[in-house]
Amino acid sequence: MAPGTPARAPGRNFLAISDSSSFFVAGWKEPACLRYLVEMAGVSRPTIVFVGAANGDCANKQAQFFRLAERAAFVPRTLSLFALADDRPETFFAGADAIYVDGGSTRNLIALMREWGADRALIDAYRAGVPVAGASAGANLMFEWGLTDSIVTRIDPIRGLGAIPGTVSVHHSTRPDRARALARHMACQPEGAACLLDDGEFAHFRNEKLLARHAI
């Protein structure tokens, strides 16, 4: 069992994960973050929808997700925004017990989600009580603000969907310019809190409040 995980907690639940590697762990390592999400879904063999638009719906990542399903006893499903079979947003997360949004380019992820109406569908699912987890770009997506290296030579603030108040800084210790970019941003956003996450960490928000932090 993942540390401290409640069975299908009431209300709205979001896991902000610094890095995708903490979700897609090697076969010899316990997938603690994934099991946390599975247990939050609160049902036997939950259906978890994978959103990989931030990395271009990478086939290798989708295959890894399906292999994880064998290890953690969930039913995998993908929302492939580059190969949609149905463009009705209300169907994107229908029947989902949990949702995982992978990392990659935050700017591309937000643009694609908005183009197809998946942004509204995701927020609707979250508000209806479907647990959501987002790694890196997927974490940036859900906050009011995130810090992104979508342009690899710099770190920029970017507006997310605003489901979680404040600013998230993923991969916080990996580059010194992240801390500087956060300081500049927070000087302009003094009313909002900042959630700093290093790789190997995730934070559990319930009803938009920080509930717990875990190291993997």
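This text goes with the structure placed above it.
S.K.: Residue-level account of the overall build of the protein chain, with values.
M.R.: On a plain count of helices and strands, the protein chain comes out with seven helices and eleven strands. Compactness check: the protein chain gives a C-alpha radius of gyration of 16 Å against a globular reference of 17 Å for 216 residues, within 12% of the reference. Principal-axis analysis of the C-alpha atoms gives the protein chain an extent of 45 × 40 × 30 Å. Counting across all 216 residues of the protein chain, residues that qualify as buried make up 54%. Contacts spanning at least 24 positions in sequence make up 69% of the contacts within the protein chain whose residues lie at least 6 apart. Entry remark: accessible area of the protein chain is about 9300 Å², with carbon and sulfur atoms responsible for 53%. The positive charge centre, built from 23 side chains, and the negative charge centre, built from 22, are 2 Å apart in the protein chain.

S.K.: Tell me about the state of the cysteines, and please be specific about residues and values.
M.R.: Summed over the entire model, instances satisfying the criterion amount to zero disulfides. No disulfide involves Cys195; its sulfur sits 13 Å from the nearest other cysteine sulfur, which is in Cys33. Its relative accessible area of 7% is what places Cys195 among the buried residues.

S.K.: Describe the pairing of strand β11 (residues 209-215), with residues and values.
M.R.: As judged from the six bridges shared by strand β10 (residues 201-206) and β11, these two strands associate in the antiparallel manner. Looking at the pairing, Arg206 lines up with Lys209 of β11. Between β10 and β11, which pair antiparallel and follow one another directly, the connecting turn spans two residues, one of which, Asn207, has a positive phi of 50°.

S.K.: Residues and numbers for the nonpolar core, please.
M.R.: Phe14, Phe93, Ile99, Leu122 and Met142 are the most contacted members of the largest nonpolar core, which totals 39 residues. Contributing elements (two or more residues each) for this core: β1 (13-17), β2 (47-51), β4 (98-101), α4 (106-116), α5 (118-127), α6 (137-142), β8 (164-169) and β10. Top contributing element to this core by residue count: α5, with six residues. Residues within four places of Met142 in sequence aside, it is in contact with Phe14, Leu122, Ile123, Tyr126, Val132, Gly162, Ala163 and Ile164. The next biggest cluster of nonpolar side chains, apart from the first, holds 23 residues, and it includes Leu15, Leu34, Phe65 and Phe202.

S.K.: Account for the pattern of salt bridges, naming residues and giving values.
M.R.: Taken as a whole and judged by the stated rule, the model has nine salt bridges. Between Arg12 and Glu208 there is a salt bridge, with its nearest N and O atoms 2.7 Å apart. Residue Arg12 is found in the segment before β1, and its partner Glu208 is found in the loop between β10 and β11; the two are separated by 196 residues along the sequence. Judged by its relative accessible area of 27%, Arg12 is partly exposed. For the salt bridge of Asp177 with Arg175, the shortest nitrogen-to-oxygen distance reads 2.7 Å. In this structure, a network of salt bridges that share partners links the residues Asp149, Arg175, Asp177 and Arg178.

S.K.: So what's going on with the side chain of Ser18? Residues and values would help.
M.R.: By secondary structure assignment, the location of Ser18 is in the loop between β1 and α1 (32-41). A polar atom in the side chain of Ser18 sits 3.5 Å from the backbone oxygen of Asp198. With sequence-adjacent residues up to four places away left out, Ser18 is seen in contact with Ser136, Val170, His171, Leu197, Asp198, Asp199 and Glu201.

S.K.: Outline the sheet that holds β1, supporting the account with residue identities and numerical values.
M.R.: Spatially, the seven strands line up as an open sheet ordered β3-β2-β4-β5-β1-β10-β11, and their pairing is mixed. A single partner strand is all that each edge strand has here, and the edge strands are β3 (75-79) and β11. Pairs of neighbouring strands in the sheet enclose a mean axial angle of 20°, with direction left out of account. Examined bridge by bridge, β2 and β3 share five bridges and lie parallel to one another. From the neighbouring strand, Val51 faces β3, where its bridge partner is Leu79. Against the sheet, α1 contacts β1, β2, β4, β5 (132-135), β10 and β11, and its axis sits at roughly 175° relative to β1. In the packing of helix α2 (residues 59-72) onto the sheet, the strands contacted are β2 and β3, and the crossing angle to β3 comes to about 160°.

S.K.: Tell me what's going on with unusual backbone geometry, and back it up with residues and numbers.
M.R.: The phi torsion at Arg45 lies on the positive side, around 50°, for a residue other than glycine. Mapped onto the secondary structure, Arg45 falls in the loop between α1 and β2. Here Glu208, not a glycine, exhibits a phi torsion of approximately 70°, which is positive.

Cut-offs applied
Residues numbered from 1 in each chain as written. Predicted model: local features only at pLDDT ≥ 70, side-chain atom pairs only at ≥ 80, totals over all residues. Heavy atoms only, no water. Helix = DSSP H or I, 4+ residues; strand = E, 2+ residues; numbered from the N terminus. Rg over C-alpha atoms; globule rule 2.2 N^0.38 Å. Buried < 20%, exposed > 50% of the residue type's maximum accessible area, 1.4 Å probe, protein only. Contact = heavy atoms within 4.5 Å. Areas by Shrake-Rupley, 256 points an atom, 1.4 Å probe, with all protein chains shown as cover. Lys, Arg positive; Asp, Glu negative; His and termini not counted. Charge placed at Lys NZ, Arg CZ, Asp CG, Glu CD. Disulfide = S-S within 2.5 Å. Pairing = 2+ DSSP bridges. Core = buried A, V, L, I, M, F, W, Y, C linked by side-chain atoms within 4.5 Å. Salt bridge = Lys/Arg side-chain N within 4 Å of Asp/Glu carboxyl O. Polar contact = N/O pair within 3.5 Å; in protein donor to acceptor, adjacent residues only side chain to side chain. Axes fitted to C-alpha atoms, helices over the stretch in contact; angles between N-to-C directions.

Geometric values such as these leave the question of function open.
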